[in-house]
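Analysis of the macromolecular model
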Amino acid sequence: MTAPMTTAGNESEAPASPSPAKTIEGRSLGRIAWTRFKRDKAAVAGGIVVILLILLAVLAGPLESLFGLDPDQPNTDLLDADLGGLPLGDWGGMSADHPLGIDPLQGRDLLARVVDGSWVSLLVAFGATVLSNTLGTVLGVMAGYYGGWVDTVISRLMDVFLAFPLLLFAIAISASLQGGAFGLHGLPLHIMVLIFVIGFFNWPYMGRIVRGQTLSLREREFVHAARSLGARGPFILFKELLPNLVGPILVYSTLLIPTNILFEAGLSFLGVGIQPPQSSWGGMLADAKNYYQVDPQYMVVPGLAIFITVLAFNLLGDGLRDALDPKSN
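These notes cover the structure that comes with them.

Rules used in this analysis
- Residues numbered from 1 in each chain as written.
- Predicted model: local features only at pLDDT ≥ 70, side-chain atom pairs only at ≥ 80, totals over all residues.
- Heavy atoms only, no water.
- Helix = DSSP H or I, 4+ residues; strand = E, 2+ residues; numbered from the N terminus.
- Contact = heavy atoms within 4.5 Å.
- Salt bridge = Lys/Arg side-chain N within 4 Å of Asp/Glu carboxyl O.
- Buried < 20%, exposed > 50% of the residue type's maximum accessible area, 1.4 Å probe, protein only.
- Phe/Tyr/Trp six-rings, centres within 6.5 Å; stacked < 30°, edge-to-face > 60°.
- Lys NZ or Arg CZ within 6 Å of the ring centre and 35° of its normal.
- Polar contact = N/O pair within 3.5 Å; in protein donor to acceptor, adjacent residues only side chain to side chain.
- Core = buried A, V, L, I, M, F, W, Y, C linked by side-chain atoms within 4.5 Å.
- Expected span 1.5 Å × (residues − 1).
- Arc of directions from axis to C-beta.
- Axes fitted to C-alpha atoms, helices over the stretch in contact; angles between N-to-C directions.
- Parallel < 35°, antiparallel > 145°, perpendicular 65-115°, else oblique.
- Left-handed = near helix turned anticlockwise from the far one by under 90°.
- Nonpolar A, V, L, I, M, F, W, Y, C, P; charged D, E, K, R; others polar.

**Examining the environment of Leu-122**
Tracing the sequence through the fold places Leu-122 in helix H4 (residues 110-146). Along the backbone, Leu-122 and Ile-261 are 139 residues apart, and their C-alpha atoms lie at a distance of 6.9 Å. Among all residues touching Leu-122, those that are not within four sequence positions of it are Leu-53, Ile-54, Ala-57, Ile-261, Thr-309 and Phe-313.

**Here's the deal with the pattern of salt bridges**
In this structure the tally under the stated criterion is eight salt bridges. Salt-bridge contacts for Asp-159 lead to Arg-208; the nearest nitrogen and oxygen are separated by 2.5 Å. Remark: Arg-208 occurs in helix H8 (residues 203-217) and Asp-159 occurs in helix H5 (residues 148-163); sequence separation between them is 49 residues. Among the residues examined, Arg-208 registers a relative accessible area of 44% and is labelled partly exposed. Among the ionic pairs, Asp-322 bridges to Arg-321, the shortest N-O distance being 3.7 Å. If you follow the salt bridges from partner to partner, you end up with Arg-156, Asp-159 and Arg-208 in one network.

**So, the packing of aromatic side chains**
Enumeration over the complete set of coordinates arrives at 13 aromatic pairs. Taking the centre distance of 6.2 Å and the plane angle of 70° together, the rings of Phe-126 and Phe-313 count as edge-to-face. Of this pair, Phe-126 sits in helix H4 while Phe-313 sits in helix H13 (residues 297-324), and the two are 187 residues apart along the sequence. Given a relative accessible area of 30%, Phe-126 falls into the partly exposed group. Geometrically, the ring pair formed by Phe-164 and Phe-201 is edge-to-face, given 5.6 Å between the ring centres and 65° between the ring planes. Of this pair, Phe-164 sits in the loop between H5 and helix H6 (166-176) while Phe-201 sits in the loop between helix H7 (186-200) and H8, and the two are 37 residues apart along the sequence. An aromatic cluster is present here, built from Phe-161, Phe-164, Phe-169, Phe-196, Phe-200, Phe-201 and Trp-203 joined pairwise through their rings. If you follow Lys-289 out to its NZ or CZ, it ends over the ring of Phe-269, 6.0 Å from the centre.

**Things to note about the side chain of Ser-155**
Along the chain, the position of Ser-155 falls in helix H5. Looking at Ser-155, its side chain comes within polar contact range of the main-chain oxygen of Asp-151, at 2.7 Å.

**Quick notes on the nonpolar core**
Counting 24 residues, the largest nonpolar core has Val-124, Phe-263 and Leu-267 as the members making the most contacts within it. Put simply, the parts of the chain that give this core at least two residues each are H4, H5, H6, H7 and helix H11 (246-269). Element by element, the count of residues in this core is highest for H7, at seven residues. The residues touching Phe-263, leaving out its near neighbours within four places in the chain, are Leu-166, Leu-167, Ala-170 and Ile-198. Counting residues in each nonpolar core, the second largest holds 16 residues, with Phe-37, Val-50, Leu-53 and Ala-312 among its members.

**Describing helix H2 (residues 41-58)**
When the terminal C-alpha atoms of H2 are compared, their 26 Å separation across 18 residues agrees well with the 26 Å that a helix rising 1.5 Å per residue should span. Residues of H2 that are buried include every one of Ala-43, Gly-46, Gly-47, Val-50, Leu-53 and Ala-57, and no others. Buried residues of H2, viewed axially, fall in a sector of 125°; they line one side. Those residues of H2 that are exposed and angled more than 90 degrees off the buried face are Lys-41, Ile-51 and Leu-52. Each element contacted by the buried residues of H2 is listed here: helix H1 (29-39), helix H3 (60-67), H4 and H13. Of the residues flanking the start of H2, the one acting as N-cap is Asp-40, its side-chain oxygen 3.3 Å from the backbone nitrogen of Ala-42.

**What about the packing of H6 against H7?**
Relative to each other, H6 and H7 sit at 155°, their axes nearing to 10 Å. By the angle between their directions, the pair H6 and H7 is classed as roughly antiparallel. When the axes of H6 and H7 are compared, the crossing they make is right-handed. Residues Leu-166, Ala-170, Ile-173 and Ser-174 of H6 lie in contact with H7, whose contacting residues are Val-193, Leu-194 and Val-197. Here the residues of the contact of H6 with H7 are counted per class, giving six nonpolar, one polar and no charged.

This is how it looks when you write it as structure tokens:
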């Protein structure tokens, strides 16, 4: 027998080493939602604008001091007395010193007044949202979990509040408390009244959403397991149900904030909200209604501020809804 000959081109190869197994990394629900949210470019843009607006409102005072912005400083030398106090120049007196122009009659810088009014609108909107969400969440989860007469009483209470003519009621309360109440006067009183009126009468909307979600969650396995282990109602409400309601509450909050901004602007426009000398976007629109034909810039600036803010919050809310509830799309 002859030994098999091997050629140089047919040398035996060493067995390939097994490739290391790929580790499967688990992802939390929050990370999955964040991944979905990042794919929505409009929602990301809205979120960036919202963050910038919040920073603008929080840092309004330091920014005014840093850039020398004074929302109440008159500039009568920049007004045309022959035209009834209208700003000199085009586009409402826009210049390097006043990038957004000045207002008629007094010549106050519009950029400074928009910045100064931002914290008021966002404070009222956030405060009213927190109040209405707190009341609506607590009462809604109680109605959905306990059912029976508790659900009946809370549901009828929601119907009563929803039947209120909210705008007329808000005007009446705000107008009657302008002088002073509860030891408060001036701007703090106006802000607290607006937060109470807007937040207290809007809670049924959140209450109905939370009640509907609770009705489906109370039949889930984790709730039955908690009951079988001896957990009582308050523990199940705040430890089992509420954590699973964070998504709907967060989404509705981002959609309720712009509504509250518009409500505050509407009340200030009607003269029963934020009062001068404090600047507010609704108050600026109220002053501009007499000049929109001869000085449209005065109305465009606060109108754009409201429009951009409301649009940003709505885009953010839609993105959060799609990210937290993939079944919605």
